[in-house]
Amino acid sequence: MRMRQSLAQFEEAFREEAAESIARRERLRKESAQRSRVRRVERTRKAGSMRFAFLALSIVVTAVIVTVVMFETLAMLAG
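This section reports on the structure supplied with the text.

Criteria and thresholds
Residues numbered from 1 in each chain as written. Predicted model: local features only at pLDDT ≥ 70, side-chain atom pairs only at ≥ 80, totals over all residues. Heavy atoms only, no water. Patch = residues over 30% accessible without salt bridge, like charges linked within 9 Å, V, L, I, M, F, W, Y side chains within 5 Å. Areas by Shrake-Rupley, 256 points an atom, 1.4 Å probe, with all protein chains shown as cover. Salt bridge = Lys/Arg side-chain N within 4 Å of Asp/Glu carboxyl O. Lys, Arg positive; Asp, Glu negative; His and termini not counted. Charge placed at Lys NZ, Arg CZ, Asp CG, Glu CD. Helix = DSSP H or I, 4+ residues; strand = E, 2+ residues; numbered from the N terminus. Buried < 20%, exposed > 50% of the residue type's maximum accessible area, 1.4 Å probe, protein only.

1. Looking at a positive patch on the surface
There is a patch of like positive charges on the surface, built from R35, R37, R39, R40 and R43. If you trace the backbone, R35 turns up in helix α1 (residues 2-78). A relative accessible area of 47% places R35 in the partly exposed class.

Structure (structure tokens):
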């Protein structure tokens, strides 16, 4: 009787530990997925900021080049 009770307690403890292990693995999986999403969003935002800065710089450089060429051409035609 005592042996069966001890075995039943051991089996119950094993089932509880297994259920806790499954819950812990699921929680860790969800946390990992969340961290992955946060990193992906941050990378996308950073890449978008870099593209915007490059675009703004390109526009400014183009405007400067066009202005210089326009005035050089005007000076050549007037001179």
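2. Here we look at a nonpolar patch on the surface
A contiguous nonpolar patch, built from L57, V61, I65 and V69 and spanning about 360 Å² of accessible area, is present on the exposed surface. Relative to the assigned elements, I65 resides in helix α1.

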